[in-house]
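The primary structure of each chain is shown beneath.
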Amino acid sequence: MDKIKIENLEVFANHGVFPEETKLGQKFLVSCVLYLDTRRAGMTDLLEESVNYGTICQLITEQMKKKTFQLIEAVAEHLAEEILVFDERIRQIDVEIKKPWAPIGLPIDTVSVAISRRWHEAYVAVGSNMGDKRQYIETALEGLRQTKGCRVEKVSKLIVTEPYGGVEQDEFLNGACKIQTLLAPWELLDRLHELEKEAGRERLIHWGPRTLDLDILLYDNEIIENDELCIPHVDMQNRRFVLEPMAEIASHKRHPVYGKTMAEMLMDLDK
């Protein structure tokens, strides 16, 4: 990606652990690298086709002064999120916060924290087989849309499927959605669990009936396996209620383990 760089923007703000820091304030230097595609702006010479670095500098200054943090790590996280949410053309950002007057009682030039954050592509399976199934799913999708750091880009049509796992229960309504998110995988999982809880889901029977079922299918091309989270989702290659919606919204997306596209895995299942 192309880059727009902002180096050592000086901001006087009130961040720090000690009372005098938050009361009297001090100087901070903020540097950012914005990653985006500047091709169209370069070809048209139009400001509206790019990100206005003056506006970003104003945003940084406002956010630095708006809220007080103890740690510059927290300042960096806050700025990264605000800037990435501000303009969808910014796909990634590097933020460095320098603290020239760090009160450590020793001669030092500056202390700094540097982080890199970006938008991630994730796919989430949605399902329900209790009550107003469609409404539970629609409410969950709206909950994702209202989650800061999440953008719902595509939603498949909902299909009626037979229960999976051998437990006698009502038919499911299933689908999938593609999202862009700033949340880490475990943070996204926590958010999905919150939405399930809001829908009144109770985890009483494994593969049993549920008001709402939200599962992370894919997250970028990550392969994660631990006690709490498994990505890609276990056994998705054998589940029509997953592959059919995925083939609709991401037919050419490849499974990071098997290397096959969603369309290819659906064809394999048909065979």
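What counts as what
- Residues numbered from 1 in each chain as written.
- Predicted model: local features only at pLDDT ≥ 70, side-chain atom pairs only at ≥ 80, totals over all residues.
- Heavy atoms only, no water.
- Buried < 20%, exposed > 50% of the residue type's maximum accessible area, 1.4 Å probe, protein only.
- Helix = DSSP H or I, 4+ residues; strand = E, 2+ residues; numbered from the N terminus.
- Pairing = 2+ DSSP bridges.
- 1 Å grid on protein atoms, 1.4 Å probe; cavity = no way out; pocket = protein on both sides within 12 Å on 5 of 7 lines; lining within 4 Å.
- Points joined across faces, edges and corners; volume = space filled by probe spheres on them.
- Salt bridge = Lys/Arg side-chain N within 4 Å of Asp/Glu carboxyl O.

(A) A look at the pairing of strand S5 (residues 120-128). The element S5 is largely enclosed, with a buried count of eight among its nine residues. Sheet topology places S5 next to strand S8 (residues 172-181); nine bridges connect them, and they run antiparallel. The partner of tyrosine 123 across the bridge, within S8, is lysine 178. Inspection of the sheet shows S5 paired to strand S9 (residues 213-219) by six bridges, in the antiparallel sense. Bridge pairing in S9 links alanine 125 to aspartate 215.

(B) Spatial organisation of unusual backbone geometry. Cis peptide bonds are those with omega within 30 degrees of zero, and the linkage from isoleucine 231 to proline 232 qualifies with 0 degrees. Within the secondary structure layout, proline 232 lies in the loop between strand S11 (230-231) and helix H7 (240-249). Backbone geometry at asparagine 8 places phi at a positive 55 degrees, although glycine is not the residue there. The residue asparagine 8 is located in strand S1 (residues 2-13) in this model. With a phi close to 65 degrees, aspartate 235 is a non-glycine residue in the positive phi region. With respect to the element layout, aspartate 235 can be found in the loop between S11 and H7.

(C) Region of the structure containing the layout of surface pockets. One number sums up the size of the second largest pocket: a volume of about 360 Å³. Residue assignment for the lining of the second largest pocket shows that the elements contributing at least two residues are helix H4 (72-86), strand S4 (111-118) and helix H6 (185-198). In terms of residues, the lining of the second largest pocket owes the most to one element, H4, which gives five residues.

(D) Region of the structure containing the pattern of salt bridges. A full pass over the atoms with the stated rule returns 18 salt bridges. One salt bridge connects glutamate 153 with lysine 178, and the closest N-O pair in it is separated by 3.6 Å. Linking glutamate 153 in strand S6 (residues 150-155) with lysine 178 in strand S8, this pair joins segments that are 25 residues apart in sequence. Between glutamate 198 and arginine 191 there is a salt bridge, and its shortest N-O distance comes to 3.8 Å. On the basis of relative accessibility, which here comes to 61%, the residue glutamate 198 falls in the exposed class.

Everything listed is a geometric property; what it means functionally is a separate question.
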